[in-house]
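Commentary on secondary and tertiary structure
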Amino acid sequence: MYRNRHVTALPKPFLFITTFLFVTIAVYAQTTIPVKGTIRETGTQKPVAGVSVKAKTANIGTSTDENGQFSLLVPSNDILLITAIGHTAVEQPVNGQQLIDVTIATTSNALGEVVVVGYGAQSKKSLVSAVATVKADEIKNKPVASFDQQLQGRVAGVQISANTGIPGDGIFFRIRGTTSINAGNDPLYVIDGVFINNQSLQKITTQGQANNPLADINPADIESISVLKDASATAIYGARAANGVILITTKRGQYNTLPKVNANAYYGSSWAPELWDLVTGPEHATIINEAWINDGKPASTRPFRLKSEGGRGLPEEQPTYDRLHDIFRTGNLQNYDLSVSGGNDKTRYYIGGGYNKQQAILRTNDFQRASFKFNLDQQINSKVRIGSSNLLSRSYRTNARVGDGPQGGILQAALHTPTYLPKFNDDGTYAKWAGFDNLDVLIKYTDMHSTSIRYIGNMYGEADLLRNLKFRTSWSIDYNDYNEYEYWNSLTNRGSASKGLATSSISKNAIWITEQTLSYKAKPGQHSLGVLVGNSVQGAVETVTSAQGTNFPNDSYKQIASAATTTSSSSSAGNRQVSVFGRLEYNYGGKYFAEFNVRGDASSKFGTNKQWGYFPSVGLAWLASEESFIRDVNAISTLKLRANIGITGNQNGIGNFASRNLWNGGANYLDNPGTVPQQLGNTGLSWETTRQTNLGIDLGLLKDHISIEFNLYKKYTSDLLLSLPLPVTTGFSSISSNAGEISNKGFELGISTTNISNRQFTWTTSFNIAHNINKIEKLDIPVDASYSAERMIQGYSMHSFYVYNQLYVDPQTGDAVYEDYVKDGKITADDRQIAGNAQPKYFGGLNNNLRYKGFDFSVFFNFQFGNKIFNNNRFFHESGGTRDDRRAINKNQLNRWQKPGDITEVPRITTLGTNYTLSPVSRFIEDGSFIRLSTLTLGYTLPKKLTTKIHTNSIRIYASGANWWLWKKYQGPDPEINVTSDPNVQGYDLGTPPQPRTIQFGINISL
Amino acid sequence: MTRYLYLYLAFFLLTTSCRKFLNVQPQQQVDASVAITDAVSAEAAVNGLYNRLGSDGYYGSNFISLSYLMGGDIQWTGSQSAPSQIAARALTADNSNIASAWMAIYRTILSANYIIDIVPRLTDPLLTEAKKNQYQGEAYFIRALAYFDLARAWGGVQLITSPTYSKTDQEGIRRSSLAETYAQVLSDLDKAEALLPATVNRNKATQKTVWALKARFYLYQQDWVKAESYASKIIDDAANYKLLKPYNAFFANNVTATAESVFELAYSTSFKNGHYNWWLPPALGGRREWAPNNNLVTLLNDPAIGGNRNSLIAQTAPPGNLWYGKLYYRNPTGTDPAYLMRVAELYLIRSEARVKQTKLTQALTDLNAVRDRAGLSPATAATPEAILLAIENERRFEFAFEADRWFNLVRTGRVSSVLNISDPNKFVFPIPISEIIADKYLDPNLGY
């Protein structure tokens, strides 16, 4: 009966729901008994997690938890088949026993692990590509809002950098270098088969910064993350895969497992380990007076002289106000997760709930997330399965303007207001200086908040059509409602003239996708064959509705309904894509592997004749350690060689209608509607394509106590999607074009070792390092990044700084000497030149895990070397008196040239000449290398005897700290900064909240 | 079994053969081919043209600021290096404010070119001949003003007189000489004069607006007779154009389009004047990044020099005591007009034109009309040189926050002695280096 029903029901999604509703819990066979036990490693007696425990005849199974424990309902006369990666299999008869503890011995080969890849899973052994897998457990101790930031330093070749120290803010994420200028460089994120949006929907500006939509996902619900790096792994994702693909698998229940409850909680604090060094009031006054005198103006009228003489008072009379310590605080961190998972022989489930709250170290910035996760799989009969993954979350942020721009800028008000200037006017009202808001007003009254409601869901049906032929249909949606509000009260600069200013913006973004795949597997003799074909149809629509109100009765009324003057606006845009794809896998004898992938994509974004693009890849691998001549070498336990090549595409970041000539409305005059030319289209616009080759070697030594993965890669991106500058005499400043080429080449090395492993004590180490060389191979016209210190020029790498080169400060005159690069006898715009770039030469991480009896200890460093930062904050703070009472001055300014013979790089203070007016200047380019003690964790698992007494499975308590040590050369508080979420700007500091130092105490309980 | 395969196949075909599915249309924009098709869309395009003229990069603030910052009386208090370079008259070719003015002007020209190209060909019966003429006339006028501004700021420029439909449309055009550029201005002004009605509209171009710009044009051309006669055409129209008393009567108390204005751009909450919060101090919700410098404050406050034009400035409460400009103050509505041509300018144009024709008494009458309005006693100058200097000084305070001082000093050749600039190459702005790079047919201005 079931069978007939599902056959007709399958393609109709609404019947899936009906099916869910009618799912009944199966009744167990009379002869089953509950069995539980612990699986340990022979010798070390260390519990082994993730061991498959299966009843041989009943064909039901589970796997062990992190304490090596399992529980299963099995027929009392069955045999347990116990298998684990890197261990020999064991068969253990049940014989009616309810407690079965088993020890298993390690084997030499670690390639048995199963890795999630695009549209499937493969054993690590059969991989021809470079795929890194990270278990969520390994990275969970870093108390940040999103999993992408937790990955920092964990995966070779993946460069991750937080733009600011504010939780939930944007992350700079690159897999194997920057491949694009305008089409985006973020990888494709796929969670349980759903292509999710990772572009911020934020519309109310926080001045350049943007929220990170990935923070909507609770890291605690994640089981593992696969990072697909090379073309063989990513080509199946075709036109969106050029920047790599991140596959996220969330936690699911286990069949035939009693309900398992996991509870985790932590509580902690965060603070800024270092802030900026500003001069005192008297020092500020001295500098300004010095500029006055050096400018040749009469000392009698210097600004800081006696008040009775009309001055601002003598330098030594100036007070000093420390606004930085007003704005930075010790923030609270708290996190609670609770999950229940389990299953019977037909159904498995995972239900998780979480709450996370993080106060930023910078006042008025908070992040809160409440999340709910529900995953269900149901076997309808022996051939048909259906299931669903659902994630619902609400992220609530209180924001502030933390980036560029004085108006309402909370960090700017603290960092840039000269320290000698008072907080209040003589009449007791709030004083405002130099275009900045009064900091106390901002701290008290900043009211910006946003709520993100996110649903990411998927339903699938799977049917075994023939013994080896499987059909799968999958329907997914990523829906995000991003609701922002700001109210600037009448004391703030933004709200004062307008008697209050409120903005509401509601963005709704929906990405829907449906995919159908057919897969076939066969193993005739020594041959092993896998085939996958599929198609996908998807669409995306974003609508934005916004309103603004001014002129409020008073500051108690904050909603636009109370405003006397209102304006509103709405917009909507979308795009669609259809795709077909396929994969062919073949191996002979488990030694020789070949794989072929292809995807065809058509997107509505491109010109009608250029809509289709095809992306193939081919990969080969040889598991040499299976050959007898290597198997005999004792030291070598694993040796595998891989090679692949393929083409992938990129279409992000460009407008939905970039191929067309468009006119825009909204250019009104005299309150009548007006229209203007908006865009010059390019009907030939098409994909950006990246050709990538990868050579890899996997080496295991000494029974895989040492395992090494090494990859060499080369990426060549052509037909760059580029806003090509046009002569503006055309009336347009740029046109979307396929122009330019970028290459990336480099290597990645990962080493993990088991240094000590015995019953009492284990110590494992993993280290990774990557090196990437990026070069713009072809670019007809240089392109400036949005902050003009960076320019893209053919022959140089992306994120290169383009500046006037300060050679030295003349010891005789104290004047800065700039390089006359074109040798025409004067300093002009032509003398700017490339001076370093913001990309690290080397980056990676080093992790050590130690376990002694119940204690566990881990220490993790991440590092990067060779990247430069343009410290524009210093340009403002070291302005040689040119900014007088309008900007704070930093301590480094005190190192200025004062008298003939002084050797310094800080020129003579003056408002004249080019000492302090030329910009951007190489003096502000600094080394951004750092080594950070990313996390440090000490945990203790309570003895089993104790925990069973209180009817729990295990209890672990721990303390963890982040960012407890930082080695840097950078003058600012933290080299991990960026002024903006604009992906083409990197390493540009305009005063950014530093990474917090944190300490947290937590407990993990499993029942 | 076969049912599965059919289903799959059907799905496959359905989704892959879907050209229609991929045909997504924009909802917020329209294709350029249907942008101007009838009376309604032509009118919208003309509105868009005024919007371009009043955009932030052009008369909405930036272009005006180039003139007053270069003029030496205004300081820049903000952090950006581009305006501080301008205030220090130490321009480099990568100055972003110069580049954005250049861009805003050529964008305005593009809109005008579209109207000039398409409107004559429209066949909508609702679009009367009078309307057609008016729209084209407005486009010719604005294009004339745009090339006039390019010429006085950068010298001879590339003359673009047709719309851009593809990226190669304007390729290969080199810079015209200064004379050729001014010839283009005159040709456009003549066309506009013939097409526009002789009505009074202070916010849009009419024949009278053309006359006023012609007066200024001939002043720059040193054609004193014509400058005088075109200025007279406006001044003599006393029913419509007159000097208002006191000085601030043309801008204070939220007035717009007063009898003082020959041409001002109107702003509204949906089209804000970019200037509106840059001059006010933080205490009044502004940024005060442009502010009168000490020298100008002193002069404006001198009753014998500034007269009642001290109403242009005010000071904040202690301990700040910051002087700020008050010409642009309508925060948050942003409805401050941009003053492009006021009748005061026509008096000073005519005064100068008359000095050059040695009609000194008449010249003094015009000058004193402006002085009288500012609450000043008649000028004491007697020689032509002294009167010219008096006119120059009058302009300095009369148009302190408008687009005049720099261009006027360059025009009269006095810029080297007044602002101490010895290199004549620096009398024009640099051609933006980004444009030099993007366009191989564009030659830079010497000296940058």
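Residues numbered from 1 in each chain as written. Chains lettered and ligands numbered in written order. Predicted model: local features only at pLDDT ≥ 70, side-chain atom pairs only at ≥ 80, totals over all residues.

Per an unreviewed UniProt entry, chain B goes by the name RagB/SusD family nutrient uptake outer membrane protein and belongs to Niastella soli. UniProt lists a comment for chain B under the heading Subcellular location (unreviewed entry), and it reads "Cell outer membrane". We quote the UniProt Sequence similarities (unreviewed entry) comment for chain B here in full: "Belongs to the SusD family." (UniProt positions renumbered as here; feature names shortened; annotations may be inferred.)

The name that an unreviewed UniProt entry assigns to chain A is TonB-dependent receptor, with the source organism given as Niastella soli. Reading the Subcellular location (unreviewed entry) entry of the UniProt record for chain A gives the comment "Cell outer membrane". The UniProt entry for chain A carries the following comment under Sequence similarities (unreviewed entry): "Belongs to the TonB-dependent receptor family."

Attention now goes to helix α10 (residues 294-301) of chain B. All names here are of chain B. Turning to α10, its buried residues number three or more, namely Leu296, Val297 and Leu300. For α10, the angular spread of the buried residues around the axis is 100°, confining them to a single face. When the buried face of α10 is taken as reference, the exposed residues oriented beyond 90 degrees from it are Asn294 and Asn295. Tucked into the core, α10 has its buried residues touching β4 (290-292), β5 (313-315), β6 (323-325) and α13 (384-398). (Buried ≥ 20, exposed ≤ 12 C-beta atoms within 10 Å, placed from the backbone. Helix = DSSP H or I, 4+ residues; strand = E, 2+ residues; numbered from the N terminus. Arc of directions from axis to C-beta. Contact = placed C-beta atoms within 7 Å.)

Let us look at the sheet that holds strand β30 (residues 662-664) of chain A. Strand order in this open sheet of three strands is β31(A)-β30(A)-β1(B), and the pairing throughout is antiparallel. The open sheet is flanked by β31 (676-679) of chain A together with β1 (29-31) of chain B, the only strands paired with a single partner. Averaged over all pairs of adjacent strands, the angle between strand axes in this sheet comes to 45°, irrespective of strand direction. Taken together, the three bridges between β30(A) and β31(A) define a ladder with antiparallel strand orientation. Counted as the bridge partner of A:Trp663 is A:Pro677 from β31(A). (Pairing = 2+ DSSP bridges. Axes fitted to C-alpha atoms, helices over the stretch in contact; angles between N-to-C directions.)

Residues and elements named next belong to chain A. With respect to the helices, strands and loops of the structure, Asn847 is situated in strand β44 (residues 842-852). Separated by 646 residues in the primary sequence, Asn847 and Leu201 have C-alpha atoms spaced 35 Å apart. Setting aside residues up to four positions removed in sequence, Asn847 forms contacts with Thr765, Ser766, Ser858 and Phe860.

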